[in-house]
Amino acid sequence: MNRRTTLTAISASLLLAGLAASAGDVAAQGAKSLGGTWTLVSADNVDASGKKTPTFGPNARGSLIFTSNGRYSIHVTRSSLPKFASDNRAKGTAEENQAVVAGSIAHFGKYTVDEKDKAFTFHIETSTYPNWDGTAQKRPFTVSGDELKYGVAAGSAGGRVELVWKRVK
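None of the values given here were measured: they were computed from a predicted structure.

(A) View of the overall build of the protein chain. For the protein chain, the helix and strand inventory stands at three helices and nine strands. The linear arrangement of helices and strands in the protein chain, starting from the amino end, is α-α-β-β-β-β-α-β-β-β-β-β. Buried positions account for 30% of the 169 residues belonging to the protein chain. Pairs at least 24 residues apart make up 49% of the contacts formed inside the protein chain by residues separated by at least 6 positions.

If you want it as structure tokens, here you go:
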């Protein structure tokens, strides 16, 4: 095996293992720039005038994971979700249940990346917002260093949403 073949094989192995370094700049928007785990920085609803309001309140929490084999999982919640007085989620009050539903979103499935359009698509298998189950949702994105930004044209609670994530090291 020559040196070039060896280096190519090593590079491919690292990518498949999910250990490849991020492309890290806007010029490299491919799938490998998305791979890994991200933590939420902000999720804002943006109105027609451009005014931003935190979708999940101040200090929202979230995790987004893109695997090297095309799977993803995303979870976003308010930082102040109420505890259930009954200590049993199946016995939550109407108010507790409503606060949790309004204060969180999660979904998982497969993702694809469109290099030309600099966009990825969530192929949602299951969501805590069932109207999204089985849908495909395209998200234009940018990656700059350890920051991922993308928008949602029609958020689950209405309006346009902008999300910012930071890569977990």
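From this point, the narrative continues.
(B) Molecular detail of the environment of Phe122. With respect to the helices and strands, Phe122 occurs in strand β6 (residues 119-127). With twelve residues separating them in the primary sequence, Phe122 and Lys110 have C-alpha atoms 6.2 Å apart. Non-local contacts of Phe122, meaning those with residues more than four positions away in its chain, are made with Leu64, Phe66, Tyr72, His107, Lys110, Thr135, Ala136, Gln137, Arg139 and Tyr150.

(C) Up close: the environment of Trp165. Topologically, Trp165 is positioned in strand β9 (residues 160-167). For Trp165 and Leu64, which are 101 residues apart along the polypeptide, the C-alpha to C-alpha distance reads 8.2 Å.

(D) Just the packing of aromatic side chains, in detail. Applying the stated rule across the entire model yields nine aromatic pairs. Residues Phe120 and Phe141 carry aromatic rings whose centres are separated by 5.5 Å and whose planes lie at 50 degrees to one another, so their mutual orientation is tilted. Taken together, the positions of Phe120 in strand β6 and Phe141 in strand β7 (residues 136-144) put the pair 21 residues apart, joining distant regions of the chain. Taken as a pair, Phe120 and Phe141 share a single burial class, namely buried. Both rings, one in Phe122 and one in Tyr150, keep their centres 6.2 Å apart while their planes meet at 80 degrees; by these two values the pair is edge-to-face.

(E) The pattern of salt bridges, seen in detail. This model, assessed by the stated rule, comprises eight salt bridges. Between Asp114 and Lys138 there is a salt bridge, and its shortest N-O distance comes to 3.9 Å. Of this pair, Asp114 sits in strand β5 (residues 104-114) while Lys138 sits in strand β7, and the two are 24 residues apart along the sequence. Three or more residues are tied together by salt bridges with common partners; here these are Lys52, Arg160 and Glu162.

(F) Spotlight on the nonpolar core. One finds Leu64, Phe66, Leu148, Tyr150 and Trp165 to be the most contacted residues of the largest nonpolar core, which totals 25 residues. Among the elements of the structure, β1 (36-46), β3 (61-66), β4 (71-77), β5, β6, β7, β8 (147-152) and β9 are those that each provide at least two residues to this core. Residues in contact with Tyr150, not counting those within four places in the same chain, are Leu64, Ile74, Phe120, Phe122, Arg139, Pro140, Phe141, Val161, Glu162, Leu163 and Trp165.

(G) Spatial organisation of unusual backbone geometry. Positive phi is not limited to glycine here, since Asn59 has a value of about 60 degrees. Here Asn59 shows up in the loop between β2 (52-54) and β3. For Asn59, a relative accessible area of 64% puts it in the exposed group. At Asp87, a residue that is not glycine, the phi angle is positive and equals roughly 60 degrees. Mapping Asp87 onto the fold places it in the loop between β4 and α3 (94-102).

About the criteria used
Residues numbered from 1 in each chain as written. Predicted model: local features only at pLDDT ≥ 70, side-chain atom pairs only at ≥ 80, totals over all residues. Heavy atoms only, no water. Helix = DSSP H or I, 4+ residues; strand = E, 2+ residues; numbered from the N terminus. Buried < 20%, exposed > 50% of the residue type's maximum accessible area, 1.4 Å probe, protein only. Contact = heavy atoms within 4.5 Å. Phe/Tyr/Trp six-rings, centres within 6.5 Å; stacked < 30°, edge-to-face > 60°. Salt bridge = Lys/Arg side-chain N within 4 Å of Asp/Glu carboxyl O. Core = buried A, V, L, I, M, F, W, Y, C linked by side-chain atoms within 4.5 Å.

Just geometry here; none of it tells us what the structure is for.
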